[in-house]
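Coordinate inspection notes
Single-letter residue listing:
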2 protein chains.
Amino acid sequence: MSRKRWRTVKEIRIADVARLAGVSTATVSRVLANPDMVRSKTHDLVMDAVRRSGYTPNSVARNLRTRRTMTVLVVVPNLANPVFAQILRGIDDELTQSGYGLVIGNLDNCTEREARYVDLVRSRQVDGILLMTGRLPGDGTRHMGEAGLPIVAMCAAIPDGRIPNVVVQDREASRAAVHHLASLGHKRLGYISGPLGNVIEGERFAGFLEGLADAGLGQQDFVRWEGRFIFAAGVSAAENFLRLKNRPTGIFATCDESAIGFLKTVRANGVRVPEDVSIVGFDGIEFADYTEPTLTTFRQPLHELGRAGGHVLLNMMRGEMRPEDWNVRLPLTLLARDTTGPVSAGVRRRRMSEA
Amino acid sequence: MSRKRWRTVKEIRIADVARLAGVSTATVSRVLANPDMVRSKTHDLVMDAVRRSGYTPNSVARNLRTRRTMTVLVVVPNLANPVFAQILRGIDDELTQSGYGLVIGNLDNCTEREARYVDLVRSRQVDGILLMTGRLPGDGTRHMGEAGLPIVAMCAAIPDGRIPNVVVQDREASRAAVHHLASLGHKRLGYISGPLGNVIEGERFAGFLEGLADAGLGQQDFVRWEGRFIFAAGVSAAENFLRLKNRPTGIFATCDESAIGFLKTVRANGVRVPEDVSIVGFDGIEFADYTEPTLTTFRQPLHELGRAGGHVLLNMMRGEMRPEDWNVRLPLTLLARDTTGPVSAGVRRRRMSEA
DNA sequence: CCTAAAGATGTAATCGATTACAAAGTCGAT
DNA sequence: ATCGACTTTGTAATCGATTACATCTTTAGG
């Protein structure tokens, strides 16, 4: 029961270093921040004192005075989704290069948690914000905007306002997914959505519809299952699929987790992939290469996306924003693997006899 | 090219609120921090001024004065590993309940990055540390310790020093894994390790050896492959496995990723699971339930682990640490699924004729 | 009604850095 | 040696809150 045993290490202030070096605190501060503003002899004197005392500046004090924290907030919908972990790496790489740190705001798919991070912003603890929440600007997002800080929207092209968007080409990729399936002869499709109301989901569904139109297919030629970017969504979609008389032969899931849940569930019920049904995922997570058969999917340039987002935010924070940098839309790559194949003769025959 | 358009929102200071309410800044501060220290009439007066002005305290200033940031640092080896995302949720739940925020230090399996977070600690930006780096106390860890802050070691029972350990029963679970395989008749085992030098890996290997001893098996009865808690480790272990004349029949991988990499690779080469080889993983990640066949593994109580770690740290920060709370070791749960089965007659026969 | 104790509020010091401004030092040209 | 221009350093204000201490009010007890 030892109270207050912590923080017993003596705190060294800039004044201590100044005394040790025989100069003023201003000089110490300058040595550390603008080394070429002081005579090199003084510089060495001070650096020696810094070393001997083991001084590290108190950045809370510095932040107060400079009114900057060199920290940015990254709001993530769900850290358990490996997609975000990858994007974070990209952001981190870009920001630390410029001396910025990042604090991660994990919403855990739970809207109310946004409030917590609004506080972080309003209380001046961060210099900028990277928003990956896919919802339309809600209360939380709006409040953050009101703080007047630089914001970059990632994973969600917010049309309104002057917030730059750094995103992937969701719409184009979805369209390409339909094209991929259609070119293999699939005419009846299944669509496993993301959370309704999510901006990304909107983009992907729009692309899906565009793809249908390209292929000369219409609204009556597909089934839509509602999902939430998780395994379970694919499982329940599959359960419904199994009960259908007139099953789709090509499935497009807007995330790999759902695709894998679907894949696993239909196979457990005797459906062959890709002979009976083809599946295309979205994201290109590592695990998609370890399913059986390996999942056909679109790989997001996650690391690059993170870097791009960080880069734009840095520019904004430096006030060096140029219009041509405002919006970035990175392309995805089709990984054509083993869950997609041509419509089999069997399926064609059965469907014909039904007609 | 608009410089300095940001941070244009007028900053409201506590002095503004004080003026608006006709009281002193001290009173405003007290209303916000110790509401029952002021007369209720004054309280209302001030709160009204706060609301009208939209005031939010500048927490940088507060942190400087109070010498606390209400923030803790969580050092994670690799955010891309979903295991850590889950633990983080537990930590977050526990800490935010007490008003603490957390900053995540992602090492990305890269030791040098530790330095970055040492700075964070030394510059007084956090009040406590949760260490999940599995290495033995190295430079970084030591430096953090020197700052005199409360530290809790998770995922790594650091024997030296007075740092509490909040961990899972790695050793016992590994031992149980061997027992599980041995009870199915497996006598020749394969072990896919974590990174050598990692504390957790040490525990798990020790448990593995204990399990061998329990089963009356010795050092000559197993093959050890070096891994790094990633898919690829399982793949290369499998590639080696396939070249062996005298193959193990039971594999224990110290993480699910490796187990899955192994599973996928041997099956792609015609090896049947569990008929030809049984596989046990470790962690219980969600994916492990989506492989084919589903992976037998040990589930870590990740959320509980996170909560426990946060709880101990909170106690330390409050100076309310009692010895009996210092070390926590949570049990794992065997999820006996489909990658493990009895040694098949075929394998037994073949091995006999070899003898 | 008076006094002491308790309660509420205000004044000003404080946390530890950065930086505007002033002062002192350096140097070369005259 | 003197002047000005430039470089280097020091002094003290500042960032925006919290809080020790002083002061003023209220309450309770006699």
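Coordinates for the structure precede this section.
These lines cover the structure that appears in this document, whether it is placed above or below. (Residues numbered from 1 in each chain as written. Chains lettered and ligands numbered in written order. Predicted model: local features only at pLDDT ≥ 70, side-chain atom pairs only at ≥ 80, totals over all residues. Heavy atoms only, no water.)

1. Some details on the relation of the copies chain B and chain A
- Once turned by 180 degrees and shifted 0.1 Å along the axis, chain B lies on chain A with an RMSD of 0.1 Å. As the rotation angle and translation indicate, the two copies are arranged about a two-fold axis. Scanning chain B for the C-alpha nearest the rotation axis identifies V103 of chain B, at a separation of 2.7 Å.
- A shared binding surface is used by both copies, with 100% of the interface residues of chain B retained as interface residues in chain A. (Least-squares fit on C-alpha atoms with pLDDT ≥ 70 in both. Contact = heavy atoms within 4.5 Å.)

2. Notes on helix α2 (residues 25–33) of chain A
Residue and element names in this part refer to chain A.
- Among the residues making up α2, those that are buried are T27, V28 and V31. Down the axis of α2, the smallest arc covering the buried residues is 100 degrees, so these residues share one side.
- Tucked into the core, α2 has its buried residues touching α1 (14–21) and α3 (40–53). (Buried < 20%, exposed > 50% of the residue type's maximum accessible area, 1.4 Å probe, protein only. Helix = DSSP H or I, 4+ residues; strand = E, 2+ residues; numbered from the N terminus. Arc of directions from axis to C-beta.)

3. Structural notes on the protein's contact with DNA strand C
- Around DNA strand C, the surrounding shell holds 25 residues, and the nearest of these are I14, S29 and R65 of chain A together with T42 and R67 of chain B.
- Within 4 Å of the protein, atoms of DNA strand C come from sugar and phosphate in 64% of cases.
- A distance of 3.0 Å is found between a phosphate oxygen of DNA strand C and a side-chain nitrogen or oxygen belonging to R62 of chain A.
- R65 of chain B is positioned such that a nitrogen or oxygen atom in its side chain is 2.8 Å from a base oxygen of DNA strand C. (Near = heavy atom within 4 Å. Polar contact = N/O pair within 3.5 Å; in protein donor to acceptor, adjacent residues only side chain to side chain.)

4. As for the protein's contact with DNA strand D
- As a structural note, the neighbourhood of DNA strand D is formed by 23 residues, with T42 and R67 of chain A together with I14, S29 and R65 of chain B the closest of them.
- Put simply, 65% of the atoms of DNA strand D that lie within 4 Å of the protein are in sugar or phosphate.
- A distance of 2.6 Å is found between a base oxygen of DNA strand D and a side-chain nitrogen or oxygen belonging to R65 of chain B.
- Every element with two or more residues in the surface near DNA strand D is listed here: α2 and α4 (59–66) of chain A together with α2 (25–33) and α4 (59–66) of chain B.
- Looking at the surface near DNA strand D element by element, the count peaks at five residues for α4 of chain B.

5. Some details on the interface of chain B and chain A
- Contacts between chain B and chain A engage 68 residues on the former and 70 residues on the latter.
- Between chain B and chain A lies a buried interface of about 6,200 Å² when both sides are counted; carbon and sulfur atoms form 52% of it.
- One salt bridge connects R116 of chain A with D92 of chain B, and the closest N-O pair in it is separated by 3.2 Å.
- At the junction of chain B with chain A, the criterion picks out 19 residue pairs in polar contact (both at pLDDT 80 or more). (Buried area = accessible area lost by both parts, 1.4 Å probe. Salt bridge = Lys/Arg side-chain N within 4 Å of Asp/Glu carboxyl O.)

6. Quick notes on the side chain of N106 of chain B
- If you trace the backbone, N106 of chain B turns up in strand β2 (residues 101–106).
- A polar contact is formed between the side chain of N106 of chain B and the backbone nitrogen of D108 of chain B, at a distance of 3.1 Å.
- Residues contacting N106 of chain B, with those up to four places away along its chain left out, are R89 of chain A together with V76, P77, N78, L79, R113 and Y117 of chain B.

7. Points about the environment of V83 of chain A
Residues and elements named next belong to chain A.
- Locating V83 in the fold gives a position in helix α5 (residues 82–97).
- When the C-alpha positions of V83 and D256 are compared, they lie 9.9 Å apart, and in sequence the two are 173 residues distant.
- Excluding anything up to four places from it in sequence, V83 contacts D283, I285, Q300 and L302.

8. Structural notes on the packing of α5 of chain A against helix α12 (residues 302–317) of chain A
Residues and elements named next belong to chain A.
- Between α5 and α12, whose axes approach to 7 Å, the crossing angle comes to 40 degrees. Between α5 and α12, the angle falls in the class oblique. Seen from above, α5 lies across α12 with right-handed handedness. Contact with α5, carried on its side by V83, Q86, I87, R89, G90, I91, D93, E94, L95 and Q97, involves L302, H303, L305, G306, R307, G310, H311 and L314 of α12 and no other residues of that element.
- Looking at the contact of α5 with α12, its residues break down into seven nonpolar, seven polar and four charged. (Axes fitted to C-alpha atoms, helices over the stretch in contact; angles between N-to-C directions. Parallel < 35°, antiparallel > 145°, perpendicular 65-115°, else oblique. Left-handed = near helix turned anticlockwise from the far one by under 90°. Nonpolar A, V, L, I, M, F, W, Y, C, P; charged D, E, K, R; others polar.)

9. Some thoughts on the packing of aromatic side chains
Residue and element names in this part refer to chain A.
- Scanning all chains against the criterion turns up 29 aromatic pairs over all chains.
- Where Y191 meets F252, the ring centres are 6.0 Å apart and the plane angle is 55 degrees; that geometry is what we call tilted. With a gap of 61 residues between them, Y191 in strand β6 (residues 189–192) and F252 in strand β8 (residues 250–253) connect regions that are remote in the sequence. The pair Y191 / F252 is uniform in exposure class, with both members buried.
- By the ring-pair criterion, three or more aromatic residues cluster together here, those being Y191, F205, F208, F222, F252, F282 and F298.
- For the cation-ring pair, R224 lies above F205, with the distance from its terminal atom to the ring centre recorded as 3.8 Å. (Phe/Tyr/Trp six-rings, centres within 6.5 Å; stacked < 30°, edge-to-face > 60°. Lys NZ or Arg CZ within 6 Å of the ring centre and 35° of its normal.)

Nothing here speaks to function; it is all geometry.
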